[in-house]
Every structure is written in C-alpha cells, then in structure tokens.
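So the chains spell out like this:
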Amino acid sequence: MNGQRIDSSRRIKISDPVTGEELASVTDTQKDGLDQAVQAAKAAFPHWSSKTWNERRDLLASAMEELKAHTDELCTILTAENGRPYRMADFEITRILETYAPTLLQMELPDSTWNETGVGQITKRYVPLGVVAAISPWNLPFLLSFTKALPALLAGNTVVLKPAVFTPLTVLRAADYIREILPPGVLNVISGGDDLGPWMTSHSDFQKVSFTGSSETGRKVFASAAATLKHLTLELGGNDPGIVLPDADPQAIAQDLFRSMFALSGQGCVTLKRLFVHESIYQALTEALESCAQHQKLGDGFDSETTLGPIQNRPQFARLQKTWEEIQEAKTPILYQGEAPSEGAGLFFPVTLLDNPPAEAAYVIQENFGPLRAVFKYRNLDEAVRLANGTPYGLGASVWGTDPESLEAVARRLDAGTVWINQHLNLHPNIPFSGHKNSGIGIEYGEDGLKEFCNLQVIANKR
Ligand code: NAD
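Quick look at the structure, then. (Residues numbered from 1 in each chain as written. Predicted model: local features only at pLDDT ≥ 70, side-chain atom pairs only at ≥ 80, totals over all residues. Heavy atoms only, no water.)

Remarks on helix H14 (residues 404-411)
The complete set of buried residues in H14 reads Leu407, Val410 and Ala411. With its buried residues spanning 105° around the axis, H14 presents them on a single face. On its buried face, H14 sits against strand S10 (240-244), helix H13 (381-388), strand S16 (396-400) and strand S17 (418-421). (Buried < 20%, exposed > 50% of the residue type's maximum accessible area, 1.4 Å probe, protein only. Helix = DSSP H or I, 4+ residues; strand = E, 2+ residues; numbered from the N terminus. Arc of directions from axis to C-beta. Contact = heavy atoms within 4.5 Å.)

Considerations on the pairing of strand S14 (residues 372-378)
Of all seven residues in S14, six are buried; the element is thus mostly enclosed. Alignment of strand S13 (residues 352-355) against S14, held across four bridges, turns out to be parallel. Paired with Leu354 across the two strands is Ala374, which belongs to S14. (Pairing = 2+ DSSP bridges.)

Some words on the side chain of Thr201
Along the chain, Thr201 falls in helix H7 (residues 196-201). With a relative accessible area of 2%, Thr201 lands in the buried category. For Thr201, the side chain forms a polar contact with the main-chain oxygen of Pro198, separated by 3.2 Å. Setting aside residues no more than four positions away along its own chain, Thr201 makes contact with Ile135, Val209, Val221, Ser224, Ala225 and Lys230. (Polar contact = N/O pair within 3.5 Å; in protein donor to acceptor, adjacent residues only side chain to side chain.)

Here's the deal with the layout of surface pockets
For the second largest pocket, the calculated volume is near 750 Å³. Lining the second largest pocket are 36 residues, and of these Arg5, Ile6, Thr27, Leu172 and Val189 sit closest to its centre. Every element with two or more residues in the lining of the second largest pocket is listed here: strand S2 (22-27), helix H1 (31-50), helix H6 (169-178) and strand S7 (187-189). Among the elements that take part in the lining of the second largest pocket, H6 stands out by supplying six residues, more than any other. (1 Å grid on protein atoms, 1.4 Å probe; cavity = no way out; pocket = protein on both sides within 12 Å on 5 of 7 lines; lining within 4 Å. Points joined across faces, edges and corners; volume = space filled by probe spheres on them.)

Concerning the sheet that holds strand S22 (residues 454-461)
Read across the open sheet, the three strands follow the order S3-S4-S22; overall the sheet is antiparallel. A single partner strand is all that each edge strand has here, and the edge strands are strand S3 (112-116) and S22. Neighbouring strand axes in the sheet, compared pairwise and without regard to direction, differ in orientation by 25° on average. Both S3 and strand S4 (residues 120-128) contribute to a ladder of five bridges, which runs antiparallel. Directly across from Glu116, in S4, lies its bridge partner Gly120. (Axes fitted to C-alpha atoms, helices over the stretch in contact; angles between N-to-C directions.)

A short note on the packing of helix H5 (residues 141-154) against H6
What describes two packed helices is the angle between their axes and the distance between those same axes. Two elements in contact, H5 and H6, have axes separated by 9 Å at closest approach and are oriented at 50°. Of the possible angle classes, the one that applies to H5 and H6 is oblique. Contact residues: H5 offers Pro141, Phe142, Ser145 and Phe146, while H6 offers Thr170, Val171, Ala174 and Ile178. Residues of the contact of H5 with H6, tallied by class, amount to six nonpolar, two polar and no charged. (Parallel < 35°, antiparallel > 145°, perpendicular 65-115°, else oblique. Nonpolar A, V, L, I, M, F, W, Y, C, P; charged D, E, K, R; others polar.)

See below:
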C-alpha cells in the first residue's frame, strides 16, 4: 500500500488445500486500511495519469521483467495456496508474464480526429477513469488479478486490488517485488476477509469495479456499485456446453475435450461443463473420455506425477458434495468415477462423468465448479442446441466435428460470449472475452477490454 508493506496484528489464516494445515497468515485489512489504500491511489492518480502512454508502458514492462526473475518462487507459492500441479501454476504465471503482458503493452488508444460539417474539428480521446477497484477469485489468483491491474494501469488509472480471501499469497508476493518499480500508490494490493469486497464496491472514491467471481456475488456487486454509479466489468460464472456433431472423430478429439472439461480440476469459469454427443458416436467418444480419465492422478501439486489437484477451499468442496448427494438421490447413471486420495484432510473430489443425465435437472443447470461433468446423448441437433442454450449462463461454448459449414452454422446458434470450433478454453489477450446472460457485463482482453478502463471524451472545436 502506497509502496510500503503494511503488517497488522489482525490476521487471516490461509489453509493448504492438500493438508488442511495453516500455510500462512495475511493482514486482515479493515475499513481504515481500505481508506488508506484508496487515498494513496487517489493521490497517485494525477502524476500517473499525466505520464505518457509510453512511460507507463515502460514502467509496467519493467515490473513484469522483475516478476520474471522470480517465476519459480511465484509458481511455488501458487502451487501451495491453490493446490494445482506446479506446471499448471507455471502456465498461469508465464501466461501473464510472457503472453498477456507483452501483448497488452503493445496496445495503444491514440486520439482520433476528423472534421464534422456543422460542428467543427472532432477529437475523440480515451481518458483514464480514476481509481479502480479490482476484485479477483481464487481459481486463477495471479492471472485474474493482473488481467485487471495491467490494463487499468496502462490506461492511466491507479488501482486497489483485492485477491480472493482464500488465495492472496502469490499476488501479495508479486506486489512486494514490484512496489519499488511503480510509483507509490499506483498499485495497492490489500488482503482481507469477507467484508472487504463489499466495503470496496460501496466506497465512494472508486470510479470503477472490475470484478471476476460467481454470478451470485456479481449481482451483489452490481447492486452495491449502483449507489455511486460506478463503471462495472463483471466476469461471472459459466456452464459451458460443447456439441459434438456426428462427423467428429472421437479418438482425435477426446484428449482435447477431456482437458477442456477437467483443467484446474474443473474449477474454471470457461471449462466445458456439459457435453452433448450425437448418439452415433456416443459410445466411442465416452470410452475415449473414460480412457483419458483413467490416466489422471489426483494429488499434491508438488508431486510431479499429479495431473489434477484438490478443490481449493472447503465451502466449494461442500457445494460439490451437496451436488453429488443430489445426483445419487436421483440415481443418475455414472459413466466413470475415479479414485480420490484418502489420506490427509485434502479436499479431493474424484474425476466423475455422468451418463446422459436429464439435461434440465437442477444439478446440471447450475455451475459445477469441480471435476464433475455431464455427457448427454442427442439424436436431434435442434434439441441439443436448445438444451445447450438452456441455462442462465452464456460464457463459452464449443462445437466439434469436421464439416466447416455445419460447425460454423451451429456455432452461430449458441448463446455465449465465445464460441470455439474444435477447441475450448483457448483465450488470447488480443481477443475480447465477455459473457452473455448471467455470465457477465462488459469485456476483458483485447482493445475492447482496455477501453473499459477509460472514459470516452470528445472535444468539438468550432473552427
Ligand atoms: P466469489 O464470487 O465467491 O468471489 C470472488 C471475489 O469476490 C473474491 O475476491 C471474494 O472475496 C469477493 N467477494 C465475495 N463477496 C463479495 C461481495 N459481496 N462484494 C464484493 N466482493 C465480494 O467467486 P469465487 O468462488 O472466488 O470464484 C469462483 C467463481 O468465479 C465461479 O463462479 C467462476 O465461474 C467465476 N469465474 C469467472 C471468470 C470469468 O472470467 N467469467 C473467471 C474465473 C472465475
């Protein structure tokens, strides 16, 4: 905060999701601490926003270079606090440092000028908003924090960033490394408990809230930010469908499908959660998926043989167990269920594939955030499209097959912000990302995402 490490005797314990033991403790920021962070960000704004675009870009690039020198340590902390395999932690960190940041830092939002008859010379400018509140979830703590902070800062805003209650460690460590590269107050990272988010969204000195989390919390953020009419970007939950057309080759696509469904142990907003497979290839594809599932090893992220980690936190694990009870009560057929490690207090849920459950059951329509996925057999494509679109979510979707025209035609019928063809989950910093329906409001990534951290200003000069 304001370029300083602030410690406090009020602490929050951070648990290791594999052992359940205490991993670390962090400052439990209270209202006065939040006020200090906001004041620091406010005070830093005039200086930071008046720097040239290139000056800000160069400072941010230096900050990312500094983090690169500590990649191994950041991956170790991320593996420890999130529980995922180390190489997946490495993917998350390097995705920001080697792909996202370099791509973003090439973007610019220059003024544009033209003459408009009867008005004069028009100049259109993108100007920063002021102080931005960034709130991120626990499933990709580093990535989802920096995909907010970096564009906000590049555009000239200053930032108060709050990582999730369960996973603040990697982001705090990263902030500690870059706090002397960026001017004081430009980026403030605060940890805290359940009250800190609501205090932020109702704080009158933020001009914008950039939030990623569940749709349920998104609604609260929307309501809370309304009182002070803040700008909002809400990236929320997803229940992504995939439709496999009859001309798909099951062996060729099974691995990609499995990865799309079970990456991060299913704790991903755009993981593929409901798979609709044409009846003619249902058996061949489900056998291929089962074969992928048999090769998974759940365990400690630091064990090099582990392919999937635990559920990150106890409330999420309890939600998953409740869903599992509903599935059992409904006597839903199971295609496959793997083994979960029994030793220790680890929050492990086995890889589970449901065999053609009722597509409109409540436990299918809700977002299942864990390694529990439903596979449906369809005969009629129109019906599959209707069911695929039949949830309150619209984040991602995909279509799999071989005939380009059929793939494109089905893709256009799916109600989602991103529809992939023969792939899923493949986000790129140049490509805008947004949710339809309850999956969000606003855009991240790409130039469209960068513009969300700006006010548009027009200067109309009568000549
Ligand atoms: P969550 O909504 O519980 O929490 C997200 C963040 O909001 C955390 O930092 C939390 O501390 C904070 N928060 C909680 N209550 C708040 C409130 N009332 N006001 C302000 N902030 C509050 O979500 P989660 O469980 O951490 O993350 C999982 C969810 O995030 C899933 O639904 C997932 O689909 C979604 N998600 C979406 C995207 C996307 O880009 N659309 C990406 C990742 C995760």
